[in-house]
Amino acid sequence: MQMTKKGPVYQLTFMPRFFPVNCYIVDEETELTLVDAALGFNAKQILLSIKVMKKPLTQIIITHAHGDHIGALDAVKREWPDAVVSMSRRDARLLAGDTNLLPDEPDSPIKGGVPKNVQTQPDRLLEEGDRVGSLKVVSTPGHTPGSISLLDTRNQFLIAGDALQTRGGIAVSGTFKALFPFPAFATWNKQEALKSAQKIRQLNPQLLAVGHGRMISKPLDAIDLAIFESKKNLQ
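So, here is what we can say about the structure in this document.

Glancing now at the nonpolar core. Inside soluble globular proteins, nonpolar side chains tend to come together where they are buried. If you look at the biggest cluster of nonpolar residues, it comprises 34 residues, and the most contacted ones within it are I25, L34, I46, L57, I60 and V76. Contributions of two or more residues to this core are made by β2 (9–14), β3 (21–27), β4 (32–35), α1 (43–53), β5 (57–62), α3 (73–79), β6 (84–88) and α4 (89–95). Ranked by residues supplied to this core, first place goes to α1 with five residues. Contacts of L34, omitting those with residues within four sequence positions, involve C23, Y24, I25, I46, L57, Q59, I60, I61 and V76. Listed in part, the 19 residues of the second largest apolar core include L151, I200, L208 and I216.

Encoded structure:
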């Protein structure tokens, strides 16, 4: 595991050379928020990282219901039973095993692995604009119908889940990257993903933190490049 710190955001990266999977710990001064929960066998390292910080984990936020973002959720919740688990109302349906589309959603098959053996259910269902500590919820569908990003209102740092990737080159979810194609294979709807990337760009984030790949400081030019490539591929 690698840990990288940018301000109050700690990126935990597992299998960095082969299949990098990130989750994040956000320091809220007196307590901690975990964003995503990586894979099941990453639980010990996540819990050790929290222990080293010597602050209580009070919030767990899941950006979307894929297995590489919720794998260690049960283990973390067992260790921190009072931590409030939050995710979007829409992706909570996926977590519960409902893969049906809503009437107003594009008719694209939902892709990616949603584990069937996760016991932990969300305590709080999130909507656009909700706040969890310093983090503001931004609805960014595309990778999944209920994907969310989280904007830290203290510094404009954005944790984007799989709305974008930086491994193998900056890309909007759904844009194929030969060096790391997996997020593209697991993306529900490329058009919605492009809209979400444009929405992220309008927020003028000062840091981009994603599920797969390194964090980027001052990421606007990189996001513009990803949006340009996504538009070109969708023509």
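Let's shift gears to the pairing of β6. In terms of residue burial, β6 counts as a mostly covered element, since four of its five residues are buried. When β5 meets β6, the two strands line up parallel, connected through four bridges. When the bridges of β6 are listed, I60 appears paired with V85. Bridge analysis of β6 against strand β7 (residues 124–126) gives three bridges, and the strand direction is parallel. Residue pairing in the sheet places S86 in a bridge with R124 of β7.

Per the counting criterion, the structure on display carries four aromatic pairs. Ring geometry for F176 and F185: centres 5.9 Å apart, planes at 45°, overall tilted. Here the aromatic cluster, defined as three or more aromatic residues joined through ring pairs, consists of F19, F180 and F182.

Each strand in a sheet pairs with another by means of backbone hydrogen bonds, the pair being arranged parallel or else antiparallel. Across the sheet, six strands lie side by side as β8-β9-β10-β11-β14-β15; this open sheet has mixed pairing. Pairing within the sheet leaves two strands with one partner each, and these edge strands are β8 (131–132) and β15 (216–217). Direction of pairing for strand β10 (residues 148–152) relative to strand β11 (residues 157–159): antiparallel, over a ladder of three bridges. Each residue of the ladder has a partner; that of L151, found in β11, is L158.

Conventions and cut-offs
Residues numbered from 1 in each chain as written. Predicted model: local features only at pLDDT ≥ 70, side-chain atom pairs only at ≥ 80, totals over all residues. Heavy atoms only, no water. Core = buried A, V, L, I, M, F, W, Y, C linked by side-chain atoms within 4.5 Å. Buried < 20%, exposed > 50% of the residue type's maximum accessible area, 1.4 Å probe, protein only. Helix = DSSP H or I, 4+ residues; strand = E, 2+ residues; numbered from the N terminus. Contact = heavy atoms within 4.5 Å. Pairing = 2+ DSSP bridges. Phe/Tyr/Trp six-rings, centres within 6.5 Å; stacked < 30°, edge-to-face > 60°.

Such coordinate-based values are descriptive only and should not be taken to indicate function.
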